[in-house]
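The chain contents come next:
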Amino acid sequence: MNAFTVRAVNMTVRGRVMLLYMIHTHVSLRVQCVIHVPSAFGCTVQLFNKLTHVFFSLQDCTFFTRKEILRLHGRYHELAPHLVPMDYTKEPDCNVPLALIVNMPELKENPFRNRIVESFSEDGMGNLSFNEFVDMFSVLSEMAPRELKAIYAFKIYDFNVDNYLCKEDLEKTLNRLTKEELTPEEVELVCEKAIEEADLDGDSKLSFADFENMISRAPDFLSTFHIRI
Amino acid sequence: MPRKSEVLQMDDVGIEVDEDLSDSDDGAPQRRGNRRPAAGRGGAKGRGRGKKPASEDEEDEEEDEAPRGRRGANRKKPAKKRGGKDDDDEDESEDEAPKRKRGGAANKRRGGKAQDSDEEDSDDGKGKKGKKGGGKKGGKEEESKGKKGDAKGKDKGKDKGKDKEDDKDKKKKKKKKDDSSSSSNSDSDEEEESMSEGEMGRLMEEVEEKKKLITTIRNKPWRMKRRLTHLREAQQFVDKFEGALGKGKGRKWYAYKVMMTKKWIKFQRDFENFRTACIPWERKIKDVESHFGSSVASYFIFLRWMYGMNLVLFGFTFGLVVIPEVLMGLPYGSIPRKTVPKADQPTAQDYSVLMDFNGYCKYSVLFYGFYNDQRTIGLLKFRLPLSYLMVGIGSFGYSLMVVIRTMAKNADVGGGDGEEGEFTFAWKMFTSWDYLIGNSETADNKYASITTSFKESIVDEQENQKDENIHLRRFLRVMANFMILCSLGGSGYLIYFVVKRSQEFANRTDLSWYEKNELELIMSLLGLVCPPLFETIAELEDYHPRIALKWQLGRIFALFLGNLYTFLFALFDEVNNKLAQEDSIRNASLWALKEYHANMTRLINDSSITPPPMDPGDVIRGPCWETAVGIEFVKLTVSDIQVTYLTILIGDFARAVIVRFLNYCWCWDLEAGFPSYGEFDISGNVLGLVFNQGMIWMGAFYAPGLVGINVLRLLSSMYYQCWAVMATNVPHERVFKASKSNNFYMGLLLLILFLSLLPVVYTIMTLPPSFDCGPFSGKPKMFDVIMETIDLDLPAFLGTLFSYAANPGLIIPAVLLMVLAIYYLNSVSEAYMNSNMELKKKMQMARDEEKNRRNNTDSTNQVMKDLEDLLPSGSPAALVPPPQPENPPELEARPTRTKPGRGVNLQKDVTLASPNPNAQRPVSRPPGPRGAGPGPGPGPGPGRGRGQRGPPEITTWGNPRPRQDVFTPKTVSVSSFQENVFEDDAPSGLY
């Protein structure tokens, strides 16, 4: 990719404009470009190959097509151009911190944005590698099955990461949902009712089994737990 | 082992490349797609990568060990199994080798040229497309195969967790890799025949398992890294051994089908999106809903629905009646009915006259009288009178159909999610946020609407919990109803009185403004005063707001109904007067005509009849009662619009302005105190809308323009009221949820529709139309136009057919049949309802049972383990890297136990669990029986899991209850637990 970039910059003004546009929009577009001018850039073909090869396994591991993964990579790169190299062939070990990710327009308004990112990061602090980044949007994509979504939803709502949704978690959830506009008594009542409804084993907190049982019957869980990217 | 075989693996990769090419030749592009890069790079690159899988394997192993020790123990077993089942494995390796050979040989044959071509077409778009389609198809196929393989696996007794299977596969595969690569170097072609069916089958099964893993890997809640390594391994395995297995035919067709299905689904989704995008005012209503709750929004949804229906009515009326008349009918001033009479002409353009819909308005397409009775008009021979009647009846038919259909649909929706009460709060909490929201304004609205919906649910909940003095409540309710009945009776009498008086006034001419408009004034006043009065009285009843709204609606409906029928009776009196008047005029004009003809024949001696040479404005004409009725309805509608809009402007807007700005200089707090801001009056607005619609239905036949006026009204009131409610009103004190279906509104509408149908049909069927105006003039009855059409335009046999169909002998049986059908359907629906109840009961029972079962077993173990695996590695649980696989996991898992938010129950568990680390050690690595174990024996899944994970798992994941049930006495618990674990492991040891 880098080789291509350099050459393109040296080429023409139009090429430069094009390149800028491409950088700011989609990686996939650039790849298309490479395909159309194979003779001029012999090496780029191979780079393209390598790049896509890396993404092929991602394609099998996620619900995205190659094109979407390339676009995601563009988005990922956009988040932190100084941290993330454009060239993904070597699978560089880079992490984008939470603060940058939650500013994505897709997540910016979400009251659970920090939790979402934290749930998908391996270190639990919200630093996402590209793989995890793709994983996040894969789970939140339209294609992901209900069971998978349920697992991650559980993790997202589990604020204190103890694998139970206890009252404290529910209170936090509720306060984020309502911007703390309910009175404490109302919050109390709602949390109690929610636990009472979904708790099957009577331990006054929701285990994953309880949660899954509840969420699997929810009519609009699939349609709401879903981010289009 | 993998480390040892690095060199061999390099060879492997080389072969892999060849095989890959053969695949591509076979027309299985998806596999090529997966491996293409490797192939493209050729052997040299492959060598470079050859090392990688090995190291990755290692990495993977470590990672697997990290989360749980169980896996570590697991891993031992396959190894041992391998040792134990040496001969078996050898067989396997032997039969794998030939296959590889075969594939390799085949590849070599085509190898050379394929390599080049592959490199080339890897870049062009066509190749990519093929790969894409192929990939999808392959996925499906693999899935189905995978299922098969799964079934087989179960037959063989491999009913362990899926993870274990994967692990085992991995081991086997690795070993095979080694074996096969070595043997492929040494073995010769003759072994090709030695492969037996069973071995082939086994291999196939394994490949299918791998394929299944590849297709389902994206569904696994694993960390990406783990997923990737698993995938890579599985792919390598499949690549290697798949060549030996046959490939299906007809893939292209299948791929095409899959592709088309996907496209079709996408199209459907897009279409659905488009359709929802076409629904107007969605955002406006969402806006209102988010601030005022679903009950207020339900009014606006109802309004929108009405608008849609009226738009269709408008389309019919204007498209089939008004526009043809304008375009093709005679122009204004050509005949008497289309001309303002001479006497009225000086004032016909005055504003006050026009506002009363007299003058030019009266003689326009807006009203019935303007239409001519020509049988056909224009070049197209459009049968206007017939079309007029059909549209009149058709609008009723359409409205009835739409209302009833909507009601049925609503009822269906209401019945669909009858279980809603079960998880109200939990669902609200976990599914109400729409993750798609990316706009801050929308997000704010969503916050507001979620808050409102929680408040609604809280109101409902509190209502359920209310403890009440039932006797007092009953007394109050009876009293309230009594008072309301009294006021209803009073208002009824008042209307009756006023109507009597107005009939007296009708004969007088010296009337003041008040006396002229007394009836309308009284009715408007009643409409203004009574609803708040009812609302005040309803406070006594203390119903839930939703139910109170229904009562309120019913009561005001009764009041309005009285008004409506009073109005109708007054109108009928007028019509009868006009009819009598018309009779005399007709006789007079007929007589004048006869005289004129007599004179003409006498003077000119010409028998040809020519119309009298008169200006159309001079002709004597009847009162045309239809137009009079139409004017009444239009006037009523317009005044209703004015009153409604003024009420909003004064009652809400002016009040809000005063409260808002006078509050700075007032003695008390206006906002919190007496006048305050207005609440949105749902019942009044809904009923206003319903009655307005009733007016439209009744009047549309006599004033086709009324539908157009109504459409304008609904359109403007949508914007006006949306603005008013957002700008001037405050949410209800107790925001309540609208009932699930709008069927109450619809029911009111249906009732009104029926009530307005009656007078119109009555007039059409019984009253004679005016002799000199309207499309039916000159006919004894309006519906004669149909008879005429049947006689003149349709073939004769159809006429006889109709006459038979109209025979009472046929109609009575038909009615009987319908009654019987209704009876039958009714009983069937009752039966369904009963069975529905029964099923609900059963479901409840099943749920209870499930609850019990959950308490006693640990069936959800697997998922939970995966979930636990997802805990961030930064958390204490994962920070401790397990140095050795046999290290019991309690060290890692324990910190999670100390998290806050534990119940008392758990404390018990901890005490139960704490002795167990000591107890577990011997169990987790049993020296004797375990060592002999050939592999992860088919022990009962949950039991095994429990045994190996040890107590920390219990505290973290298991349900405390069951454990308590099993080991109630604390002192015995340790030993019993140990025993339990041992028993669970025993089968595997005995293997």
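What you see is a predicted model; the values in this text were computed from it and never measured.

Here's the deal with the overall build of chain B
And step 1. A tally of regular secondary structure across chain B gives 35 helices and two strands.
And step 2. A total of 991 residues make up chain B; the buried ones form 47% of that total.
And step 3. Put simply, chain B shows about 48,900 Å² of open surface, and 62% of that area lies on carbon and sulfur atoms.

Let's talk about the overall build of chain A
And step 1. A count of helices and strands for chain A gives 14 helices and zero strands.
And step 2. Residues counted as buried form 60% of the 229 residues belonging to chain A.
And step 3. Surface accessibility of chain A: about 8,800 Å² in total, with carbon and sulfur atoms responsible for 54%.

A look at the packing of helix H5 (residues 66-79) of chain A against helix H9 (residues 130-139) of chain A
Residue and element names in this part refer to chain A.
And step 1. The interhelical angle for the contact between H5 and H9, taken along N-to-C directions, is 120 degrees, at an axis separation of 10 Å. Considering the angle they form, H5 stands oblique to H9. Seen along the crossing, H5 lies across H9 with a hand that is right-handed. Taken together, the residues of H9 that come into contact with H5 (itself represented by Ile69, Leu72, His73, Tyr76 and Leu79) are Phe130, Phe133, Val134 and Phe137.
And step 2. Tallied by class, the residues present in the contact of H5 with H9 amount to eight nonpolar, one polar and no charged.

Quick word on the packing of helix H10 (residues 146-157) of chain A against helix H13 (residues 208-215) of chain A
All names here are of chain A.
And step 1. Contact geometry for H10 and H13: axes closest at 10 Å, N-to-C directions at 125 degrees. One way to sum up the angle between H10 and H13 is to call them oblique. Here the hand of the crossing between H10 and H13 comes out right-handed. Contact residues: Arg146, Glu147, Ala150, Ile151, Ala153, Phe154 and Tyr157 in H10; Phe208, Phe211, Glu212 and Ile215 in H13.
And step 2. Of the residues in the contact of H10 with H13, the class split is eight nonpolar, no polar and three charged.

Regarding the state of the cysteines
All names here are of chain B.
And step 1. This structure, assessed with the given rule, holds one disulfide over all chains.
And step 2. There is a disulfide in this structure between cysteine 624 and cysteine 773, and the S-S distance comes to 1.8 Å. Disulfide cysteine 624-cysteine 773: torsion about the S-S bond near 95 degrees, hence right-handed. Of this pair, cysteine 624 sits in the loop between helix H18 (545-604) and helix H19 (625-662) while cysteine 773 sits in the loop between helix H22 (743-766) and helix H23 (784-792), and the two are 149 residues apart along the sequence.

A few points about the pattern of salt bridges
All names here are of chain B.
And step 1. For the structure on display, the rule yields 22 salt bridges over all chains.
And step 2. Arginine 375 is the salt-bridge partner of aspartate 793, the closest N and O atoms lying 3.0 Å from each other. With a gap of 418 residues between them, aspartate 793 in the loop between H23 and helix H24 (796-805) and arginine 375 in the loop between helix H11 (351-355) and helix H12 (384-416) connect regions that are remote in the sequence.
And step 3. Taking relative accessible area as the criterion, aspartate 793 reaches 29% and is therefore assigned partly exposed.
And step 4. Three or more residues are tied together by salt bridges with common partners; here these are Arg375, Arg383, Lys779, Glu788 and Asp793.

Here's the deal with the confidence of the model for chain A
All names here are of chain A.
And step 1. Mean pLDDT over chain A works out to 74, with 73% of the residues at or above the 70 mark.
And step 2. When mean pLDDT is taken per element in chain A, H10 scores highest with 89 and helix H3 (residues 27-36) scores lowest with 38.
And step 3. Taken together, the stretch residues 1-47 has pLDDT below 50 and engages in 54 contacts with residues farther than four places along the chain or on a different chain.

Describing the UniProt feature "transmembrane region" (unreviewed entry) in chain B
All names here are of chain B.
And step 1. Within this structure's numbering, the places UniProt gives as "transmembrane region" (unreviewed entry) are residues 311-332, 386-404, 478-499, 552-572, 695-715, 744-765 and 801-825.
And step 2. Helix makes up 100% of residues 744-765 and strand 0%, and the two end C-alpha atoms of the span are 31 Å apart.
And step 3. Helix makes up 92% of residues 801-825 and strand 0%, with an end-to-end C-alpha separation of 30 Å.

Topic: the packing of aromatic side chains
And step 1. As enumerated under the stated definition, the model contains 47 aromatic pairs over all chains in all.
And step 2. Where B:Trp433 meets B:Tyr447, the ring centres are 5.0 Å apart and the plane angle is 35 degrees; that geometry is what we call tilted. In this pair, B:Trp433 sits in the loop between helix H13 (424-431) and helix H14 (440-465) while B:Tyr447 sits in helix H14, placing the two residues 14 residues apart along the sequence.
And step 3. Taking the relative accessible area as the measure of exposure, B:Trp433 reaches 2% and is therefore buried.
And step 4. The buried category is assigned to B:Tyr447, whose relative accessible area is 8%.
And step 5. A cation over a ring is seen here: A:Arg115 above A:Phe159, with NZ or CZ 6.0 Å from the ring centre.
And step 6. Here the guanidinium or amino end of A:Lys205 rests over the ring plane of A:Tyr164, the centre of that ring lying 4.2 Å away.

Examining the nonpolar core
Residue and element names in this part refer to chain B.
And step 1. Counting 102 residues, the largest nonpolar core has Phe300, Phe302, Trp305, Phe633, Phe701 and Leu749 as the members making the most contacts within it.
And step 2. Ranked by the residues each element gives to this core, the list is headed by helix H10 (residues 282-328), at 16 residues.
And step 3. Those residues within four positions of phenylalanine 633 in sequence are excluded, and the remaining contacts are Phe567, Leu568, Leu571, Met695, Met698, Gly699 and Leu706.

Quick word on the environment of B:Ala480
All names here are of chain B.
And step 1. If you trace the backbone, alanine 480 turns up in helix H15 (residues 470-506).
And step 2. Given a relative accessible area of 0%, alanine 480 falls into the buried group.
And step 3. Spatially, the C-alpha atom of alanine 480 lies 5.8 Å from that of isoleucine 537, the residues being 57 residues apart in sequence.
And step 4. What alanine 480 contacts, discounting residues up to four positions off in sequence, is Ile537, Leu540 and Glu541.

Let's talk about H13(A)
Helical geometry note: an α-helix holds 3.6 residues per turn, so side chains three or four residues apart project in the same direction.
And step 1. Burial of H13(A) is extensive: seven of the eight residues sit out of reach of the surface.
And step 2. Along H13(A), the residues that are buried comprise A:Phe208, A:Ala209, A:Asp210, A:Phe211, A:Asn213, A:Met214 and A:Ile215.

Description of a nonpolar patch on the surface
Residue and element names in this part refer to chain B.
And step 1. There is a patch of nonpolar side chains on the surface, built from Leu646, Leu649, Ile650, Phe653, Val657, Phe661, Tyr664 and Trp723 and spanning about 800 Å² of accessible area.
And step 2. For the nonpolar patch, the element with the most residues is H19, which contributes six residues.
And step 3. Relative to the elements of secondary structure, phenylalanine 653 occurs in helix H19.
And step 4. Judged by its relative accessible area of 31%, phenylalanine 653 is partly exposed.

A word on a negative patch on the surface
Residue and element names in this part refer to chain B.
And step 1. Together, Glu535, Glu539, Glu679, Asp681 and Glu733 make up a negatively charged patch on the protein surface.
And step 2. Mapped onto the elements of the fold, glutamate 733 is located in the loop between strand S2 (729-730) and H22.
And step 3. Judged by its relative accessible area of 75%, glutamate 733 is exposed.

Section: unusual backbone geometry
And step 1. Although it is not a glycine, A:Glu180 adopts a positive phi angle of roughly 55 degrees.
And step 2. The topology assignment puts A:Glu180 in the loop between helix H11 (167-178) and helix H12 (184-198).
And step 3. Unusually for a residue other than glycine, B:Trp281 sits at a positive phi of about 65 degrees.
And step 4. Tracing the backbone through its elements, the reader meets B:Trp281 in the loop between helix H9 (251-278) and H10.

Side note on the confidence of the model for chain B
Residues and elements named next belong to chain B.
And step 1. Within chain B, residue pLDDT values average 69, and 62% of them lie at 70 or more.
And step 2. This model gives residues 1-193 a pLDDT under 50, and the stretch forms 296 contacts once residues within four places in sequence are excluded.
And step 3. Confidence drops under pLDDT 50 across residues 874-991; counting only partners more than four residues distant or on other chains, this segment forms 184 contacts.
And step 4. Here the predicted complex carries an ipTM of 0.77, next to a pTM of 0.59.

Cut-off values and rules
Residues numbered from 1 in each chain as written. Chains lettered and ligands numbered in written order. Predicted model: local features only at pLDDT ≥ 70, side-chain atom pairs only at ≥ 80, totals over all residues. Heavy atoms only, no water. Helix = DSSP H or I, 4+ residues; strand = E, 2+ residues; numbered from the N terminus. Buried < 20%, exposed > 50% of the residue type's maximum accessible area, 1.4 Å probe, protein only. Areas by Shrake-Rupley, 256 points an atom, 1.4 Å probe, with all protein chains shown as cover. Axes fitted to C-alpha atoms, helices over the stretch in contact; angles between N-to-C directions. Parallel < 35°, antiparallel > 145°, perpendicular 65-115°, else oblique. Left-handed = near helix turned anticlockwise from the far one by under 90°. Contact = heavy atoms within 4.5 Å. Nonpolar A, V, L, I, M, F, W, Y, C, P; charged D, E, K, R; others polar. Disulfide = S-S within 2.5 Å. Salt bridge = Lys/Arg side-chain N within 4 Å of Asp/Glu carboxyl O. pLDDT = per-residue confidence, 0-100. UniProt positions renumbered as here; feature names shortened; annotations may be inferred. Phe/Tyr/Trp six-rings, centres within 6.5 Å; stacked < 30°, edge-to-face > 60°. Lys NZ or Arg CZ within 6 Å of the ring centre and 35° of its normal. Core = buried A, V, L, I, M, F, W, Y, C linked by side-chain atoms within 4.5 Å. Patch = residues over 30% accessible without salt bridge, like charges linked within 9 Å, V, L, I, M, F, W, Y side chains within 5 Å. Lys, Arg positive; Asp, Glu negative; His and termini not counted. Charge placed at Lys NZ, Arg CZ, Asp CG, Glu CD.

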